[in-house]
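# Coordinate inspection notes
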Amino acid sequence: MTELIVKYPDRTADHFALGRLRITIGRSARNDLCIPDPFASRVHAEVRREGDGYLLQDLGSANGTLYNGANVEGVVPLTPGGRIQIGETEIIFDDGSYNSSMGATMITDNSEVKLWSRSSHSCLRRCLRTDV
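Scope of this entry: the structure provided in the associated data block. (Residues numbered from 1 in each chain as written. Predicted model: local features only at pLDDT ≥ 70, side-chain atom pairs only at ≥ 80, totals over all residues. Heavy atoms only, no water.)

## Observations concerning the pattern of salt bridges
Here the structure, examined in full by the defined rule, presents six salt bridges. Here Arg22 ties to Glu46 by a salt bridge, and the two come within 2.3 Å at their closest N and O atoms. One end of the pair, Arg22, is in strand 3 (residues 22–26); the other, Glu46, is in strand 5 (residues 45–50), with 24 residues separating them in the sequence. Using a relative accessible area of 42% as the deciding quantity, one classes Arg22 as partly exposed. Salt-bridge contacts for Arg48 lead to Glu46; the nearest nitrogen and oxygen are separated by 2.4 Å. Pair check on accessibility: Arg48 and Glu46 agree, each one buried. (Salt bridge = Lys/Arg side-chain N within 4 Å of Asp/Glu carboxyl O. Helix = DSSP H or I, 4+ residues; strand = E, 2+ residues; numbered from the N terminus. Buried < 20%, exposed > 50% of the residue type's maximum accessible area, 1.4 Å probe, protein only.)

## Some points on the sheet that holds strand 7 (residues 66–67)
Judged by pairing direction, the sheet is antiparallel, and its six strands sit side by side in the order 2-1-11-10-7-8 without closing on themselves. Looking at the sheet topology across the chains shown, the edges are occupied by strand 2 (14–17) and strand 8 (70–71). Two elements, strand 1 (residues 3–7) and strand 11 (residues 89–94), share five bridges in a ladder whose sense is antiparallel. Looking at strand 11, one finds that Lys7 is bridged to Glu90. (Pairing = 2+ DSSP bridges.)

Taken by themselves, the reported measurements are silent on function.
Below, the structure written as structure tokens:
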């Protein structure tokens, strides 16, 4: 099932099934997907199905829409795991092939474990005790 995974800055993620040909995203309750983000416009963007694919378009929002870190201008095709940023809300496109553990790589050596997260560009380290 194709869906959008909505990651809010202050609560757990929601899953929104893409069952219609066109959905609107924005702050207003009149949208198909309402996001309570103060940086989102009332009607901010749309995702629509065309053929076998899905497209993203900003609808003239005040603060713009990012897709995989780039400003959305015109229509952008969505790819599995693609990241839509509207204000502080991140929305991940999942066509059923996206694995939520993707995007993190475990790197190990004898002294420590490092977890690199591409989304936050941070490196978390946990030193391992060698005397255990």
